[in-house]
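Each chain, letter by letter, is given below.
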Amino acid sequence: MNHLAPFVTEVDFATGALSAPGYVLQRRLSDMASMYADSAESARILAEEGDRLIYEVQGVELPVEEGQIPHCTTRISPGRIGAEYHMTKGHYHARREQGEVYFGLSGRGCLVMQTEAGETSVQTMVAGSAAYVPPFWAHRTVNIGDEDFVFFSVWEARAGHDYGTIERDGFRKLVVRRDGQPTVVDNPRYR
Ligand code: S6P
Ligand code: ZN
């Protein structure tokens, strides 16, 4: 096991910027256009407005081994693709028995979760919300506000990320704008 020296990272709550990020990852509409329910609207935006930034992740780089605790920020820009708010791709952990903690830094979002057994949960997060993603729950975050939604995540290094299951099946629940309000609806395309 690597014996690391302790370190501190400064986090900008408004932007999610880290003082010394080990990596910065950007997800644009073209990276996830088919994940939005209104794929025609995804295509129109890409053709007419360009490849907008949906979210950015900044994290510390740690060895993938037992006992290491990776942590990062995610900033989701405000906006919608059709009725559906900007969101992350979402994933199960490759090791399903690994949970995770999210902490809201700024803005307003939803944490959409589900299990393979069919349970669903949608929680609201604001600055100061500590949200627990238990083992076995897939998780996706959604920006339901008019400003950036920024949160901090902490997980176990060996959790791993299974994106393929969500890319194939989607989430059971979507968060859309209806009558001017964020509303949770069933995903008509689920599986
Ligand atoms: C990692 C954790 C988050 C997400 C990030 C981006 O386990 O759940 O840091 O990676 O919010 O979402 P996604 O679905 O693209 O990994
Ligand atoms: Zn995760």
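Scroll up for the structure.
Residues numbered from 1 in each chain as written. Chains lettered and ligands numbered in written order. Predicted model: local features only at pLDDT ≥ 70, side-chain atom pairs only at ≥ 80, totals over all residues. Heavy atoms only, no water.

## A short note on the overall build of the protein chain
Summing up its helical and strand segments, the protein chain has 3 helices and 15 strands in all. By the compact-globule yardstick of 16 Å for 191 residues, the protein chain fits well, its C-alpha radius of gyration being 16 Å. In terms of overall dimensions, the protein chain has a C-alpha envelope of 50 × 35 × 30 Å along the principal axes. Taking all contacts inside the protein chain whose residues are at least 6 apart in sequence as the whole, residues at least 24 apart take part in 69%. (Helix = DSSP H or I, 4+ residues; strand = E, 2+ residues; numbered from the N terminus. Rg over C-alpha atoms; globule rule 2.2 N^0.38 Å. Contact = heavy atoms within 4.5 Å.)

## Description of the site of ligand 1
Y55, T74, E100, Y102 and Y163 are the nearest of the 17 residues found near ligand 1. In the model, an oxygen atom of ligand 1 is placed 2.8 Å from a nitrogen or oxygen of the T74 side chain. A distance of 3.3 Å separates an oxygen atom of ligand 1 from a polar side-chain atom of S153. In the complex, the protein chains occlude 95% of the 400 Å² of accessible area that ligand 1 would expose alone. When residues of the shell around ligand 1 are traced back to their parent elements, those giving at least two are β2 (53-59), β3 (71-76), β7 (100-106) and β12 (149-155). By residue number, the principal contributor to the shell around ligand 1 is β12, which donates 3 residues. Along the lines of polarity and charge, the residues of the shell around ligand 1 split into 7 nonpolar, 8 polar and 2 charged. (Near = heavy atom within 4 Å. Polar contact = N/O pair within 3.5 Å; in protein donor to acceptor, adjacent residues only side chain to side chain. Areas by Shrake-Rupley, 256 points an atom, 1.4 Å probe, with all protein chains shown as cover. Nonpolar A, V, L, I, M, F, W, Y, C, P; charged D, E, K, R; others polar.)

## A short note on the packing of aromatic side chains
For the coordinates displayed, the defined rule picks out 2 aromatic pairs. Seen from their ring centres, Y102 and F151 are 4.7 Å apart, and the 35 degrees between their planes marks the pair as tilted. Of this pair, Y102 sits in strand β7 while F151 sits in strand β12, and the two are 49 residues apart along the sequence. Neither Y102 nor F151 differs from the other in exposure class; each is buried. Members of the aromatic cluster, connected to one another through ring pairs, are Y102, F149 and F151. Stacked on the ring of Y163, the Lys or Arg K89 has its end atom at 5.9 Å from the ring centre. (Phe/Tyr/Trp six-rings, centres within 6.5 Å; stacked < 30°, edge-to-face > 60°. Buried < 20%, exposed > 50% of the residue type's maximum accessible area, 1.4 Å probe, protein only. Lys NZ or Arg CZ within 6 Å of the ring centre and 35° of its normal.)

## A look at the pairing of strand β9 (residues 120-126)
Where strand β8 (residues 108-115) and β9 come together, 7 bridges link them in antiparallel fashion. When the bridges of β9 are listed, C110 appears paired with T124. Following β8, the chain reverses through 4 residues before pairing antiparallel with β9; G118 in that reversal takes a positive phi of roughly 105 degrees. (Pairing = 2+ DSSP bridges.)

From the geometry alone we can't say anything about function, so treat these as descriptive.
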